[in-house]
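# Report on the structure
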Amino acid sequence: MVANRTILLVEDSDADSEATVRALGRCVGSPAVYRCADGDSALTFLRQLDRVDGLASRPAVILLDLNLPGTDGREVLEQIKADDALKHIPVVILTTSAASADVAFCYRHGASGYIVKPVDLAKFAARVQQFHAYWFEAVEPSTA
Amino acid sequence: MTDNSAYSIKSGEVTLTNCDREPVHIPGCVLSHGVLLVLRRSDLTVVQASANTSALFGVEPTVLLGRGLDALLAPDQVDVLAHFLRTERLENGPLFALTAIPTGASGPFDVTAHTQGELAVVEWEPSTRTGLPANPDYYSLVKRSVSRLQTATTLRGYCEAVTAEVRALTGLDRVMVYRFQSDNSGWVFAESKRDDLNTYLDQHYPAADIPLPARQLFLKLWHRLVPDVRAEPAELVPLTNPVTNAPLDMTYCSLRGASVMYTEYLQNMGVSAALVMPLVRDGHLWGLIATHHYSPKYIPHHVRAACEFLAQVVSLQLAAAEDREGQEYKLRIRSVHESLVLRAATTDTSLSDLVTGSPGLLDLLDAGGVALVQGGAVRTAGRTPSPEQIGALVGWLRDRTEGGADGVTHTNALPAVYKPAAVFKDTACGLLAVPISRSRRDLLLWFRPEHIATVVWAGYPTEKDVQIGPHGPRLTPRKSFDLWRESVEGMAPAWSEAEVEAARRFRVAVLDVVVGHAEQVAKLNKELEAHVEELDAFAYVASHDLKEPLRGIHNYAAFLIEDYQGKLGTDGEVKLRAMMRLSQRMESLIESLLHYSRTGRGEFVVRDKDLNAVLRGAREMLQARLQETAADLRVPRPLPTVRCEPVMVGEVFGNLISNALKYNDKPDKWVEVGYEGRTEPDGEGGTKSVTAFYVRDNGIGIPAKHHDAVFRIFKRLHARDKFGGGTGAGLTIVKKVVERHGGRIWVESTEGEGTTFYFTLGG
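What you see is a predicted model, and the numbers here were worked out from it, not measured in a lab.

So, how was this worked out
Residues numbered from 1 in each chain as written. Chains lettered and ligands numbered in written order. Predicted model: local features only at pLDDT ≥ 70, side-chain atom pairs only at ≥ 80, totals over all residues. Heavy atoms only, no water. Helix = DSSP H or I, 4+ residues; strand = E, 2+ residues; numbered from the N terminus. Buried < 20%, exposed > 50% of the residue type's maximum accessible area, 1.4 Å probe, protein only. Contact = heavy atoms within 4.5 Å. Buried area = accessible area lost by both parts, 1.4 Å probe. Salt bridge = Lys/Arg side-chain N within 4 Å of Asp/Glu carboxyl O. Polar contact = N/O pair within 3.5 Å; in protein donor to acceptor, adjacent residues only side chain to side chain. Nonpolar A, V, L, I, M, F, W, Y, C, P; charged D, E, K, R; others polar. UniProt positions renumbered as here; feature names shortened; annotations may be inferred. Arc of directions from axis to C-beta. Pairing = 2+ DSSP bridges. Patch = residues over 30% accessible without salt bridge, like charges linked within 9 Å, V, L, I, M, F, W, Y side chains within 5 Å. Areas by Shrake-Rupley, 256 points an atom, 1.4 Å probe, with all protein chains shown as cover. Phe/Tyr/Trp six-rings, centres within 6.5 Å; stacked < 30°, edge-to-face > 60°. Axes fitted to C-alpha atoms, helices over the stretch in contact; angles between N-to-C directions. pLDDT = per-residue confidence, 0-100.

Turning next to the overall build of chain B. Of regular secondary structure, chain B possesses 20 helices and 27 strands. By the burial criterion, 49% of the 763 residues in chain B qualify as buried.

What follows is the structure in structure tokens.
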């Protein structure tokens, strides 16, 4: 168990956002979830946090959708990994796309995981909970 | 027979074999209806006289020898003739001098004369002129005829008009325009005749029928009359001219004795009198105006002069008429050419559409048939050899190196250069071949039938029985026609310069069109690529943008159930769950569609792969189902190694085995995977052996009427929840994979007993 139990969810779909939050809410020690509905606000949020509160308030892990309005998820990933202050935060992709090109792109650009969203809510919840179990129970989330 | 010997028709021995050398210009005889006197110009005394002076003038020729003209004419007439001989230019042929009644004669004679060096040749022919003026009025005779000729539009029409005019002028039974071909053979090109006579129109005669000496003579004189072919000719006395010590050159003499062959030929046709006038174009003997009369017919000098004048007018206009006709043909070719190119240029007209249709390739040139050989396919119009014969001909053409740089070749005697053509010479004796691809694999071929085939029906001579002369049936039109027929055996009418040129021009136009079509195909391919890319984009949209809202619907339905538990009632919850199920089903349909589109496109790398390993992979994937159904998966003999895309072929086995397990209601289920050799058509008329793989089951079977439908995407034969569901894309994807390998898939099945899916993986 670690002190920082916050997740940044970058997700434009309210339905997916709610499904994710609900699934996480059922987890032991349900983490705090910040949500940004598009890429630009996510990047702004991350950099602002960094200035104001320093390292401590940063999310332990970022759940990033790929298809976002405005700045695309792929670009958000690239910018995070190009930013010395942010690149250590693990980014897990949570997307509808099962295209191998997207999977390859994301891992090449430093993503720590890739979750395809199923249409079945039960399966969706199971995957989110697996994600939680991995990042908050099995491994120690990065606090660096 | 030399020029210096004292030859005469009567004593000479002209035969069928030497008639080409017959000295027709020194026959030593005159036609018996007139008298010929040869005078020494210096003193105008008679040095030669024809033997018939006794019959016509009542005086023996020997009596006239050494005498002056006063022996026959009154003094004033002697003066007129002497003056005429002194002053006129007479060395190029005879001119009319006067009409007189010689001493001892029973009627008037027209006197014409010409000179040969020291000699003056004076010819006397019976005159029908009555009274004065003595000057012949050619003009009035010919003027109307000439004006009528102007109205003819075609060469043939023009010549027909000529025959009618000559017949009107002379009253002869038959008047023909006989036209020479380049090989000196000839044919009756136009005819005007007495109604009761057989026509000679379109009859063909070999070159030998009008021997070289005769043809040469006709370039020098403008008419030739034989008033009675049976009349005995009158020999000259003496036979050798005492002044020149040589036979008299009678080239220009109207009274020149006729060749034995000629008169016999005419007699064999039942002809008694003949008048012939040459038609000369640009110094060459183009043809003859040949006339026949079936009783002796004397045509007096002034009428002959009118005919002669007409022949000269016709000769002068021949070039223009012939050129005009050539020009009209060229214009026709050009207009057809342009229509064809216009048709070819429209986007959806392929070359093969031009073979038939209007105008078609057959309209471009005067030909019996036409064929387009393109990509091994043969399209024909008109009368042509069979496609197989054309195929062989094309092979022969390709191997030949002859022909111009553009490969255009033509012949009017194909069997002479290409032996197999002998069997189809009645359709393709003449060939004009135009390659329309660099490899000369694609060609346009125009065919012409053998000449004989086109004229035999029109021109075979049919004559009444006549007494054949001493030289036998050779001297008859029927025999002539047979000889001509032999001489043109295996020949078609030659292709003219204009036609070959037109074919060349058409070739260039076709190449433009072919290149144009190629460019169009390239453009279409580009467009197609763009479409495929769009389709890709669509597939992406389908996978994301369609699925996201779908998930939204699903999720909210789930939230409703979660958040409003107990408030919805059972019915509300059931409906919400149905909604969730439907959204999931829609997702799997979208997935299948994506899968299918990925199967048809994308990476496809074939390599040699042991199919046993592929089958093993598929088996592992289906392990759970195999255990669940307790089915027996049999492989009677190990599968071969084949060149394929292993992942996709694994999917084929997986799908087919999965179906075999699914659609089976037997207690003991089995599936057999194997292969067998098969013979299939190779698409080029032959066969090839292929390996057909099969997946066989003892399941429920498929009714025959559904054997095609099973491969249609999303087509299901059973209710969705019967036999374990599925989207109905499996066999469609299988078929796509097989087709990408260049193979095919088919099904054999007996309802209630089982199904076998066969597939091949290409050659």
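Now that the structure has been shown, we can carry on.
Further remarks concern unusual backbone geometry. Residue and element names in this part refer to chain B. Of the consecutive residues V237 and P238, the connecting peptide bond is found in the cis state with omega at -10°. Following the sequence through the fold, P238 ends up in the loop between β11 (234-237) and β12 (240-241). Even without glycine at this site, L44 takes up a positive phi of about 50°. Counting through the fold element by element, L44 comes out in the loop between β2 (35-40) and β3 (45-50). Even without a glycine there, the phi angle at A630 is positive, about 55°. Inspection of the secondary structure puts A630 in the loop between α18 (623-629) and β22 (632-634).

In this section: the interface of chain B and chain A. On the side of chain A, 21 residues touch chain B, which itself brings 19 residues to the contact. It is B:E548, B:R551 and B:F559 that lose the most area in chain B upon contact with chain A, and together they represent 34% of the buried surface on that side. Counting across the interface, chain B meets chain A through four salt bridges. Ionic pairing is found between B:R551 and A:D16, a salt bridge with its closest N-O pair at 2.4 Å. Joining chain B to chain A, the criterion identifies nine residue pairs in polar contact (both at pLDDT 80 or more). Elements supplying a minimum of two residues to the side of chain B that touches chain A: α15 (497-563) and α16 (569-600) of chain B. A total of 16 residues in the side of chain B that touches chain A trace back to one element, the largest contributor, which is α15(B). Split into classes, the residues belonging to the side of chain B that touches chain A amount to five nonpolar, seven polar and seven charged.

This brings us to the UniProt feature "modified residue: 4-aspartylphosphate" (unreviewed entry) in chain A. In the numbering used here, UniProt assigns the "modified residue: 4-aspartylphosphate" (unreviewed entry) feature to A:D65. Mapped onto the secondary structure, A:D65 falls in the loop between β3 (61-64) and α3 (73-82). Other than its neighbours up to four places away in sequence, A:D65 contacts A:V10, A:E11, A:D12, A:G73, A:L94, A:T95, A:K117 and B:E548.

Residues and elements named next belong to chain A. Scanning the entire structure with this criterion turns up 36 salt bridges over all chains. A salt bridge links E11 to K117; the shortest N-O distance between them is 2.7 Å. With E11 in the loop between β1 (6-10) and α1 (14-25) and K117 in the loop between β5 (113-116) and α5 (121-138), this pair connects stretches of sequence that are 106 residues apart. Taken as a pair, E11 and K117 share a single burial class, namely buried.

Turning our attention to α3(A). Of the residues making up α3(A), those classed as buried are A:G73, A:R74, A:V76, A:L77 and A:I80. For α3(A), the buried positions fall inside an angular range of 160° around the axis, keeping them on one side.

This next bit is on the sheet that holds β2(B). Residues and elements named next belong to chain B. Read from one edge of the open sheet, seven strands run β1-β11-β3-β2-β6-β5-β4, paired in antiparallel fashion. Among the strands making up the open sheet, the edge pair consists of β1 (29-30) and β4 (95-100). Relative to strand β6 (residues 119-126), β2 runs antiparallel, the two being bridged by six bridges. Residue V35 lies in a different strand from β6, and its bridge partner there is W124.

Residues and elements named next belong to chain B. Taken together, the side chains of L593, I713 and F714 present a nonpolar region at the surface, about 210 Å² in accessible area. When you line up the elements, I713 lands in the loop between β25 (687-697) and α20 (730-740). You can call I713 partly exposed: its relative accessible area is 30%.

Okay, the pairing of strand β17 (residues 377-382) of chain B next. The side chains of a regular strand alternate between both faces of the sheet. All names here are of chain B. For strand β16 (residues 369-374) and β17, the ladder comprises six bridges, and the chain directions are antiparallel. Residue pairing across strands places V373 opposite V378, the latter belonging to β17. Counting the residues that bridge the hairpin from β16 to β17 gives two residues, and of these G375 lies at a positive phi of roughly 55°.

Let us now look at the packing of aromatic side chains. All names here are of chain B. Summed over the entire model, instances satisfying the criterion amount to 17 aromatic pairs over all chains. Where F57 meets F109, the ring centres are 5.3 Å apart and the plane angle is 80°; that geometry is what we call edge-to-face. Placement of F57 in helix α1 (residues 53-57) and of F109 in strand β5 (residues 109-116) is noted, with a sequence separation of 52 residues between them. As far as burial versus exposure is concerned, F57 and F109 are alike and both buried. Taken together, a centroid distance of 5.6 Å and an interplanar angle of 55° make the contact between Y178 and Y205 tilted. Of this pair, Y178 sits in strand β7 (residues 174-180) while Y205 sits in strand β9 (residues 204-205), placing them 27 residues apart in sequence. For Y178, a relative accessible area of 7% gives the class buried. On the basis of relative accessibility, which here comes to 8%, the residue Y205 falls in the buried class.

Glancing now at the sheet that holds strand β20 (residues 443-448) of chain B. All names here are of chain B. Read across the open sheet, the five strands follow the order β17-β16-β20-β19-β18; overall the sheet is antiparallel. Each edge of the sheet is formed by a strand with only one pairing partner; in this case those strands are β17 and β18 (409-411). Strand-to-strand twist of the sheet, defined as the mean angle between neighbouring strand axes without regard to direction, takes the value 10°. Here six bridges tie strand β19 (residues 430-435) to β20, and the two strands are oriented antiparallel to one another. Following the sheet pairing, L431 is matched in β20 by F447. Along the sheet, helix α11 (residues 387-399) makes contact with β16, β17, β18, β19 and β20, crossing β20 at roughly 115°.

Our focus in this paragraph is the confidence of the model for chain B. Residue and element names in this part refer to chain B. Per-chain confidence: chain B averages 84 in pLDDT, with 89% of residues scoring 70 or above. Summarising per-element confidence for chain B, the mean pLDDT is lowest in helix α13 (residues 451-459) (58) and highest in β3 (95). Our summary of model confidence lists the complex with pTM equal to 0.54 and ipTM equal to 0.80.

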